[in-house]
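The lines below spell out each chain.
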Amino acid sequence: MAFKRLEPPPPRVLFLVLSAFLGFLALEGFLLWAYGNIPLRLSLLDLLFWGALMLWSVYVRVPLPLSASMSQFFIFALALVVITPPWVSPMLSFALQWSGKAWYKNLFNRSQNGLATALAALVWQFFQQNPLYLGSWNLSAGMGIAAASLAFFLANTTLVTTAIHLANNVPWREAWRKNFSWLALSYLLLSPIALLLARAYETPLLGNWGGWTVLFFLIPLYYSRFYWDEKVRLEQAFDTTLELLMNALEAKDPMTRLHSERVADIARDLARKVKDGDEAYAQAIYRAARLHDIGKIAIPEAVLLKPGSLTPEEFALIQSHTTKGAELLSPARKVAFDQLVYNVILHHHERWDGRGYPKRLAGHEIPEEARIVGLADAYEAMTAGRPYRKAKTPEEALREVQELSGHQFDPRLVEAFTELWAQNPIWRDRHAYLAAKEGSVSRSTFSQPSSASASPSPSEPGPRTSEE
């Protein structure tokens, strides 16, 4: 384990880490050269007090969706920028970090915090040296702390987002949007507190020490972080609720045990491959695939589990699970799910040749996410078996997928699926997959629970097929 932490990162990640570190050293050196003659008015105990606040803020940080976290560290770093020479706060920001992660992650976290604080210190000094007045009002402090906070935020989020982009192949814009866009406003609105803490420390309101006032403000600060924390917890609660819904669906039909989970694993691997390793897209596909058959909750069990042929009315009812699923989740639109999820639920039974349902879309009219999940769904159903149909072997199912290329499936996806299948992933053989899941074993990058559905799509009622 200790050996693993010494392993170097990919070259482009290492380049970013070293660039951030060298950038911090250069900027800190400049601050020492330019402002080294400014006396440090704080004692060692004062510095220890502010250092303890910085460490505390890191300890109570909030995890973010894509391999990141957020804390109120910046408030204390900015407060120190106000009350100390410009080089002090960046140096403490670099030093007061801890992590059990790999060395390069630790160095990056220290460097990006130090660099962001150094940029904020430069901006603050600019406004102090170039006072801004509105009539007789001196706006230098207010504008300075706002601009310094913005500089810190942009530097911090840009570096972290770039690291996620390079390490996980997540599109830069997507990584920034998921991790930081939703908290940008609250972050900037909190920045005046840094100036307030600095002034309160310089002019004590309680006793003869400004630290008492600062500690008093920690109470609302601590609870303000719950806005961020609850946002993350809300997403986790939605995922748990969806898991319960999928478990309820599988309880109706034991034959489809772990169907949607296997579909989701296949779809995630396929999405990752066709999008050149885009992990954010792969995770979004996984989540949508877990829900692709949610509409079957609204289908009567007598029809859903009927072992023989279906009447035209029953067949139409089965097909309606796509529209029923979209309707079922419509109250959560824009709150919990984006359009990708609805596209998958509504269109995963469309066919490349236009003979699918419910809209009879064809070719590229079908959203790519629905084409991906549709292929994964078909392969899983082919190899699963039903009371009305014997399960195919993985080899037989692959041949059928290839034969249906250009008819039911997107030829480009079939080619990518064939390459994945040849690598013998855990989902290739259903028996091996079920055995692995029962033993809590998964080769997936982000393992989460899942459920089930279908394959080749008939356009008329009759004997049951895997595309229902």
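This text follows the structure it describes.
A brief look at the structure comes next. This one's a predicted model, so the numbers in the text were calculated from it and none came from an experiment.

**Here we look at the overall build of the protein**
- On a plain count of helices and strands, the protein comes out with 20 helices and four strands.
- Per-residue burial for the protein yields a buried fraction of 54% across its 468 residues.
- Taking all contacts inside the protein whose residues are at least 6 apart in sequence as the whole, residues at least 24 apart take part in 72%.
- A total accessible area of about 21,500 Å² is found for the protein, and carbon and sulfur atoms account for 63% of it.

**Observations regarding unusual backbone geometry**
- Across the junction of Tyr357 and Pro358, the peptide omega takes the value 10°, indicating a cis bond.
- Mapped onto the secondary structure, Pro358 falls in the loop between helix H16 (339-347) and helix H17 (368-384).
- A positive phi angle is found at Asn424, which is not glycine, with a value near 55°.

**Quick notes on the packing of aromatic side chains**
- The full count for this structure, using the stated rule, is 14 aromatic pairs.
- Taking 5.2 Å as the distance between ring centres and 70° as the angle between the ring planes, the aromatic pair formed by Trp50 and Tyr201 counts as edge-to-face. Of the two residues, Trp50 is situated in helix H3 (residues 44-59) and Tyr201 in helix H9 (residues 184-202); the sequence distance between them amounts to 151 residues.
- An aromatic cluster is defined as three or more aromatic residues linked by ring pairs; in this entry it consists of Phe21, Phe24 and Phe94.

**With respect to the nonpolar core**
- Counting residues in each nonpolar core, the largest one holds 65 residues, and the members touching the most others are Trp50, Met54, Ile83, Phe108 and Phe152.
- Those elements that place two or more of their residues in this core are helix H2 (11-35), H3, helix H4 (73-83), helix H5 (88-95), helix H6 (103-129), helix H7 (140-168), H9 and helix H10 (211-252).
- With near-sequence residues (within four places) excluded, Phe152 lies in contact with Phe73, Phe74, Ala77, Asn113, Ala116, Thr117, Ala120 and Tyr187.
- Ranked by size, the runner-up nonpolar core spans 49 residues in total, among them Ala271, Ala326, Tyr342 and Leu398.

**Here's the deal with the packing of H4 against H5**
- Interaxial distance between H4 and H5 falls to 8 Å at its minimum, and their mutual angle equals 150°. It follows that H4 is roughly antiparallel to H5 by the angle criterion. Where H4 crosses over H5, the handedness of that crossing is right-handed. Along its contact with H4, which presents Phe73, Ala77, Leu80 and Val81, the element H5 presents Ser89, Leu92 and Ser93.

**Quick word on a nonpolar patch on the surface**
- A cluster of nonpolar residues, Leu18, Leu22 and Leu25, forms a patch on the protein surface that exposes about 270 Å² of accessible area.
- Assignment of secondary structure puts Leu18 in helix H2.
- Overall, Leu18 belongs to the partly exposed group, its relative accessible area being 37%.

**A closer look at the pattern of salt bridges**
- Going through the model one piece at a time under the given rule, you end up with 14 salt bridges.
- For Glu380, the salt bridge is made with Arg262, and the minimal N-O distance between the two is 3.1 Å. Residue Glu380 is located in helix H17, and its partner Arg262 is located in helix H11 (residues 259-274); the two are separated by 118 residues in the primary sequence.
- For Arg262, a relative accessible area of 1% translates into the label buried.
- For Asp265, the salt bridge goes to Arg268, with nearest N and O atoms at 2.7 Å.

Rules behind the numbers
- Residues numbered from 1 in each chain as written.
- Predicted model: local features only at pLDDT ≥ 70, side-chain atom pairs only at ≥ 80, totals over all residues.
- Heavy atoms only, no water.
- Helix = DSSP H or I, 4+ residues; strand = E, 2+ residues; numbered from the N terminus.
- Buried < 20%, exposed > 50% of the residue type's maximum accessible area, 1.4 Å probe, protein only.
- Contact = heavy atoms within 4.5 Å.
- Areas by Shrake-Rupley, 256 points an atom, 1.4 Å probe, with all protein chains shown as cover.
- Phe/Tyr/Trp six-rings, centres within 6.5 Å; stacked < 30°, edge-to-face > 60°.
- Core = buried A, V, L, I, M, F, W, Y, C linked by side-chain atoms within 4.5 Å.
- Axes fitted to C-alpha atoms, helices over the stretch in contact; angles between N-to-C directions.
- Parallel < 35°, antiparallel > 145°, perpendicular 65-115°, else oblique.
- Left-handed = near helix turned anticlockwise from the far one by under 90°.
- Patch = residues over 30% accessible without salt bridge, like charges linked within 9 Å, V, L, I, M, F, W, Y side chains within 5 Å.
- Salt bridge = Lys/Arg side-chain N within 4 Å of Asp/Glu carboxyl O.

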